[in-house]
Amino acid sequence: MAEFISNYGVLLAEGLRDTLYMSLTAAFFSYVLGLPMGVLLFITEKDGIKENVQFNRVYSRLINILRSFPFIILIVVLIPATRFVVGKAIGATAAIFPLTIGCAPFVARLVYNSLAEIDKGVIEACQCMGADTKTLIKVIITESVPSLIRGISMTCITLIGYSAIAGSIGAGGLGDIAIRYGYHRRTPPVMWASVAIIVVIVCIIQTVFDVAAKNSDKRNLNS
């Protein structure tokens, strides 16, 4: 074990750093794009705050198409755009752009599902009090905080998986280490160590956000 850590400890630490950097940064930008996308999807649906059924139908299908696009293909298709935006197409920083584009529609759907769980009576009560659209959006987002937090955990976990795929084509991180050393250089212990670290990260993220969601739930605060 000591020899393994001596030989590969620094390498795995760098892979962990790159994986967290890619995943967490992309999660942030995915919500910058995906949160308003999800809100727009919610408020334009039938009986929504700003009902526009025709627009919503087309928009919903577009999000579903983008959400189902295979990430390994998307990251290749976006190489010219990535090079234009970031200045390069290889490395952890470059991977953030396709990770964000690939995950934003997923976030939009998560946000929509969270908002759809709200008791319609809350919205109706606000409307009866004369709340405008901006105020209503603030209310529905506030009411959805516990569910939105759980959605963030799902997003981070999904992006960790995406980052492993990105690593296979030059993004770095634990995915790159697992493929490069575990497969190409036939060093299975490095591959399994990379997998074990990813599993631990996922468990920590899930636990932290579950606790945060529970603590933010008003039903738990009142009990």
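Preceding this paragraph is the structure being described.
The present account deals with the structure reproduced in this document. (Residues numbered from 1 in each chain as written. Predicted model: local features only at pLDDT ≥ 70, side-chain atom pairs only at ≥ 80, totals over all residues. Heavy atoms only, no water.)

**Structural notes on the packing of helix H8 (residues 145–167) against helix H10 (residues 188–216)**
Piece 1. Two elements in contact, H8 and H10, have axes whose closest approach is 8 Å; the angle formed by their N-to-C orientations is 170 degrees. As summarised for this structure, H8 and H10 are arranged roughly antiparallel, according to the angle between their axes. The segment H8 lies against H10, with Val145, Pro146, Ile149, Arg150, Ile152, Ser153, Cys156, Ile157 and Ile160 engaging Ile198, Ile201, Val202, Ile205, Gln206, Phe209, Ala212, Ala213, Lys214 and Ser216. (Axes fitted to C-alpha atoms, helices over the stretch in contact; angles between N-to-C directions. Helix = DSSP H or I, 4+ residues; strand = E, 2+ residues; numbered from the N terminus. Parallel < 35°, antiparallel > 145°, perpendicular 65-115°, else oblique. Contact = heavy atoms within 4.5 Å.)

**Concerning unusual backbone geometry**
Piece 1. Positioned with a positive phi, Asp47 is a non-glycine residue whose angle comes to about 65 degrees.
Piece 2. Counting through the fold element by element, Asp47 comes out in the loop between helix H1 (2–43) and helix H2 (53–67).
Piece 3. Overall, Asp47 belongs to the exposed group, its relative accessible area being 63%. (Buried < 20%, exposed > 50% of the residue type's maximum accessible area, 1.4 Å probe, protein only.)

**Some points on a nonpolar patch on the surface**
Piece 1. Taken together, Phe69, Ile72, Ile73, Val76, Val77, Ile165 and Ile169 make up a surface patch of nonpolar side chains, about 550 Å² in accessible area.
Piece 2. Counting residues per element, the nonpolar patch draws most heavily on helix H3 (residues 71–77), which supplies 4 residues.
Piece 3. In this structure, Phe69 sits in the loop between H2 and H3. (Patch = residues over 30% accessible without salt bridge, like charges linked within 9 Å, V, L, I, M, F, W, Y side chains within 5 Å. Areas by Shrake-Rupley, 256 points an atom, 1.4 Å probe, with all protein chains shown as cover. Salt bridge = Lys/Arg side-chain N within 4 Å of Asp/Glu carboxyl O.)

**Quick word on the side chain of Thr100**
Piece 1. Within the fold, Thr100 resides in helix H5 (residues 92–116).
Piece 2. Thr100 gets classed as buried once you look at its relative accessible area, which sits at 6%.
Piece 3. Leaving out residues up to four positions away in the same chain, Thr100 has contacts with Ala26, Phe29, Ser30 and Leu33.

**Section: helix H9 (residues 173–184)**
Piece 1. An ideal rise of 1.5 Å per residue puts 16 Å on 12 residues; H9 measures up with 16 Å between its terminal C-alpha atoms.
Piece 2. Buried within H9 we find Gly173, Leu174, Gly175, Asp176, Ile177, Ala178, Tyr181 and Gly182.
Piece 3. Lining the buried residues of H9 we find H1, H8 and H10.
Piece 4. Just downstream of H9 lies Arg186, where phi reads positive at about 55 degrees. (Expected span 1.5 Å × (residues − 1).)

**Section: the pattern of salt bridges**
Piece 1. Under the counting rule described, the total for this entry stands at 3 salt bridges.
Piece 2. Between Asp18 and Arg17 there is a salt bridge; the shortest N-O distance is 3.3 Å.
Piece 3. Residue class for Asp18 comes out buried when judged on its relative accessible area of 18%.
Piece 4. Glu45 is the partner of Lys120 in a salt bridge, and the nearest nitrogen-oxygen pair spans 4.0 Å. With Lys120 in helix H6 (residues 120–128) and Glu45 in the loop between H1 and H2, this residue pair connects regions lying 75 residues apart in the sequence.

**Considering the packing of aromatic side chains**
Where two aromatic rings form a pair, the distance of their centres and the angle of their planes describe that pair.
Piece 1. Applying the stated rule across the entire model yields 4 aromatic pairs.
Piece 2. Considering the side-chain rings of Phe28 and Phe29, the 5.2 Å spacing of their centres and the 75 degrees angle between planes classify their relative orientation as edge-to-face.
Piece 3. Owing to a relative accessible area of 54%, Phe28 belongs among the exposed residues under this scheme. (Phe/Tyr/Trp six-rings, centres within 6.5 Å; stacked < 30°, edge-to-face > 60°.)

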